[in-house]
Amino acid sequence: MTDVVVALDVGGTGIKSALVRRDGAVHHAERHPTGAHAGPAAVIDTIVSIADGLARRARDEGLRPVGLGVAVPGVIDEAAGVAVWSANLGFREVPLRDLLAERVGLATALGHDVRAGGLAEVRLGAAQDCRYVLFVAIGTGIAAAQVVDGVALAGAHGAAGEIGHIVVRPGGPRCGCGQFGCLEAVASAAALGRRYTELVGTPVTAADLAAHAAAGDTKAADLWQDAVEALADGLLLAQTMYDTEVMVIGGGLSEAGAYLLDPLRVALRDRLTFHREPRLVRAALGDGAGRLGAALLALDSLEAP
């Protein structure tokens with residue numbers, strides 16, 4: 001009988017879930033709304049319902065579900081299995097791993113969504129065979145995962161990699177964290193959409209901005225270049241701290257492909273002095289990286305002593 005793990009990547013608006021084999025192949029994938037507006041208890045109920053449904057599906061199809069991996073945003077204490085703080089989900093000090101293990105009946109591993117995505121990109125995606133990797137997710141927010149020798153480092157308090165809250169523009173836009181001029185407040189997809197909307201007076205997204213900039217809209221192009229420069233400042237600081245060999249750029253903004261990465265490489269190179277230049281590559285696994293990473297966490301936990 002073939003073993004599979006149930007994997008969930010829980011976001012503020014949607015949950016990406018799958019049954020994943022031991023070799024990382026996805027047997028079946030689903031998407032569901034998170035329903036975070038209903039509160040943290042309802043989100044937990046939704047996770048349980050999805051996981052139960054996938055486990056039943058596996059058994060009905062002659063597979064053996066052997067574990068559950070769940071990745072969530074925020075500050076996550078993976079060792080203790082606790083969601084310390086997750087603003088988008090309303091979690092505060094939730095012992096999520098043990099709670100899910102009890103209610104779903106599967107050995108459960110809990111991880112951070114970006115660290116899970118970074119782990120998947122290293123083992124299955126764009127950074128295979130690389131020892132020192134920084135996975136940078138640029139979406140609604142900006143966060144990073146440092147992966148060394150195949151291990152995503154969480155830090156002393158589960159909060160490593162929050163490069164979106166490096167101040168790159170002192171006195172700039174107010175960030176949700178309370179500071180002014182954070183990288184996330186200047187160059188995230190949400191920030192770009194908001195800044196362009198303020199200029200043109202109608203609601204637009206970062207994808208709209210990129211399309212307008214590529215078509216010759218000078219206002220959009222200026223905003224895009226400003227974001228590229230801010231990202232280069234943030235990545236320079238990250239390279240100074242982490243001395244990585246490759247930076248994998250993921251998240252929604254990476255869908256711009258070469259339109260983002262080409263000028264970002266140039267801007268970063270212009271800032272380097274003593275630093276070794278990291279390779280900048282686009283993430284290979286798209287928005288499925290988080291659930292694949294959750295599956296890897298579950299598989300790792302099954303093999304741990």
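For the structure, check the block above.
Report follows, based on the coordinates.

Quick notes on the rules
- Along each chain, residue indices are assigned from 1 in the same order as the chain's sequence is written.
- Whole-chain, interface and lining totals are the exception, using all residues; otherwise, since this is a predicted model, local features are given only for residues with pLDDT of at least 70 and side-chain atom pairs are given and counted only at 80 or more.
- Hydrogens and water molecules were not included; the side-chain quantities draw on all heavy atoms of the structure.
- Here the rule is simple: two strands pair whenever DSSP picks up at least two bridges between them.
- Runs of H or I in DSSP of at least four residues are treated as helices and runs of E of at least two as strands, each being numbered from the N terminus.
- Whenever a carboxyl oxygen of Asp or Glu lies within 4 Å of a side-chain nitrogen of Lys or Arg, that contact is scored as a salt bridge.
- We call a residue buried when its accessible area falls under 20% of the maximum for its residue type, exposed when it is over 50%, and partly exposed in between, using a 1.4 Å probe and counting protein chains only.
- The contact criterion used throughout is that any non-hydrogen atoms of two residues lie within 4.5 Å.
- Simply put, an axis is a line fit to the C-alpha atoms, just over the touching stretch for a helix, and the angle between two N-to-C directions goes from 0 to 180 degrees.
- Left-handed is the label given to a crossing in which the near helix is rotated counterclockwise from the far helix by less than a right angle, and right-handed is the label when the rotation is clockwise.
- Nonpolar residues are Ala, Val, Leu, Ile, Met, Phe, Trp, Tyr, Cys and Pro. Charged residues are Asp, Glu, Lys and Arg, and all others, Gly as well, are polar.
- Nonpolar cores were defined as sets of buried Ala, Val, Leu, Ile, Met, Phe, Trp, Tyr and Cys residues, with membership established by side-chain atoms within 4.5 Å.
- Here, a disulfide means two cysteine sulfur atoms that sit within 2.5 Å of each other.
- Here a cavity is any set of points on a 1 Å grid over the protein atoms alone where a 1.4 Å probe fits but cannot get out, and a pocket is any open set with protein on both sides within 12 Å along at least 5 of 7 lines; a residue lines the site when it has an atom within 4 Å of a point.
- Grid points are joined across faces, edges and corners, and a volume is the space filled by probe spheres set on the points.
- Oblique is the label for any angle not under 35 degrees, not over 145, and not in the 65 to 115 range, which are roughly parallel, roughly antiparallel and roughly perpendicular in turn.

A word on the pairing of strand 3 (residues 26-33)
The two faces of the sheet receive side chains in turn, since in a regular strand these alternate between them.
Move 1: Pairing geometry for strand 2 (residues 14-21) and strand 3, over 7 bridges, is antiparallel. In the strand pairing of strand 3, alanine 18 is matched with alanine 29.
Move 2: Between strand 2 and strand 3, which pair antiparallel in sequence order, lie 4 residues; one of them, glycine 24, sits at a positive phi of approximately 90°.

A closer look at the pattern of salt bridges
Move 1: Applying the stated criterion to the full structure yields 16 salt bridges.
Move 2: For arginine 97, the salt bridge goes to aspartate 98, with nearest N and O atoms at 3.3 Å.
Move 3: A relative accessible area of 45% places aspartate 98 in the partly exposed class.
Move 4: Overlapping salt bridges bring together Arg169, Glu229, Asp233 and Arg271 as one network.

Some remarks on the sheet that holds strand 9 (residues 132-138)
Move 1: Reading across from one edge, 11-10-9-12-13 is the order of the 5 strands in this open sheet, with mixed pairing throughout. Either end of the sheet is taken by a strand with one partner, and the two such strands are strand 11 (151-152) and strand 13 (279-282).
Move 2: Against the sheet, helix 3 (residues 113-124) engages strand 9, strand 10 (142-148), strand 11 and strand 12 (246-250), with an angle of about 50° to strand 10.
Move 3: In this fold helix 8 (residues 258-271) packs onto strand 12 and strand 13, with an angle of close to 165° to the strand it touches most, strand 13.

Let's talk about the sheet that holds strand 6 (residues 82-86)
Move 1: Across the sheet, which stays open at both edges, the 3 strands sit in the order 5-6-7 with antiparallel pairing between neighbours. Of all strands in the sheet, those with a lone pairing partner are strand 5 (75-77) and strand 7 (91-94), marking the two edges. Neighbour to neighbour, the strand axes of the sheet diverge by 15° on average, direction disregarded.
Move 2: As paired elements, strand 5 and strand 6 share 3 bridges and run antiparallel to each other. Looking at strand 6, one finds that aspartate 77 is bridged to valine 82.

Observations concerning the packing of helix 5 (residues 189-200) against helix 6 (residues 206-214)
Move 1: Following both chains from N to C, one finds helix 5 and helix 6 inclined at 65°, their axes separated by 8 Å at the closest point. For the element pair helix 5 and helix 6, the recorded crossing hand is left-handed. Here Ala189, Leu192, Gly193 and Tyr196 of helix 5 lie close against helix 6, whose contacting residues are Ala206, Leu209 and His212.
Move 2: Looking at the contact of helix 5 with helix 6 residue by residue, the classes come out as 5 nonpolar, 2 polar and no charged.

Focus: the nonpolar core
Move 1: Counting 40 residues, the largest nonpolar core has Val136, Ile142, Trp224, Leu231, Leu235, Leu253 and Leu260 as its most contacted members.
Move 2: Elements with a minimum of two residues in this core: strand 9, strand 10, helix 4 (183-187), helix 5, helix 6, helix 7 (218-242), strand 12 and helix 8.
Move 3: Per-element tally for this core: the top contributor is helix 7, with 11 residues.
Move 4: Not counting chain neighbours up to four residues away, the residues in contact with valine 136 comprise Ile142, Ala143, Ala144, Ile163, Leu235, Val248, Ile249 and Gly250.

Structural notes on the state of the cysteines
Move 1: Counted under the stated rule, the structure contains 0 disulfides.
Move 2: The structure places no disulfide on cysteine 177, whose sulfur is separated from the nearest cysteine sulfur, that of cysteine 182, by 3.7 Å.
Move 3: The exposure class of cysteine 177 is partly exposed, given its relative accessible area of 41%.

Observations concerning the layout of surface pockets
Move 1: Looking at the second largest pocket, its volume works out to about 390 Å³.
Move 2: If you go around the second largest pocket, you meet 24 residues; those closest to its centre are Glu78, Ala79, Leu110, Ala152 and Leu297.
Move 3: Elements with a contribution of two residues or more to the lining of the second largest pocket: strand 5, strand 8 (108-112), helix 3, strand 11 and helix 9 (289-303).
Move 4: Residues of the lining of the second largest pocket, tallied by class, amount to 11 nonpolar, 7 polar and 6 charged.

As for the packing of helix 1 (residues 40-60) against helix 2 (residues 96-104)
Move 1: The N-to-C vectors of helix 1 and helix 2 enclose an angle of 45°; their axes lie 10 Å apart at closest approach. Considering the angle they form, helix 1 stands oblique to helix 2. Of the two elements, helix 1 crosses helix 2, and the hand of that crossing is right-handed. Judged by residue contacts, Ile44, Asp45, Ile47, Val48, Ala51 and Asp52 of helix 1 engage Leu96, Leu99, Leu100, Arg103 and Val104 from helix 2.
Move 2: The class makeup of the residues in the contact of helix 1 with helix 2 is 8 nonpolar, no polar and 3 charged.

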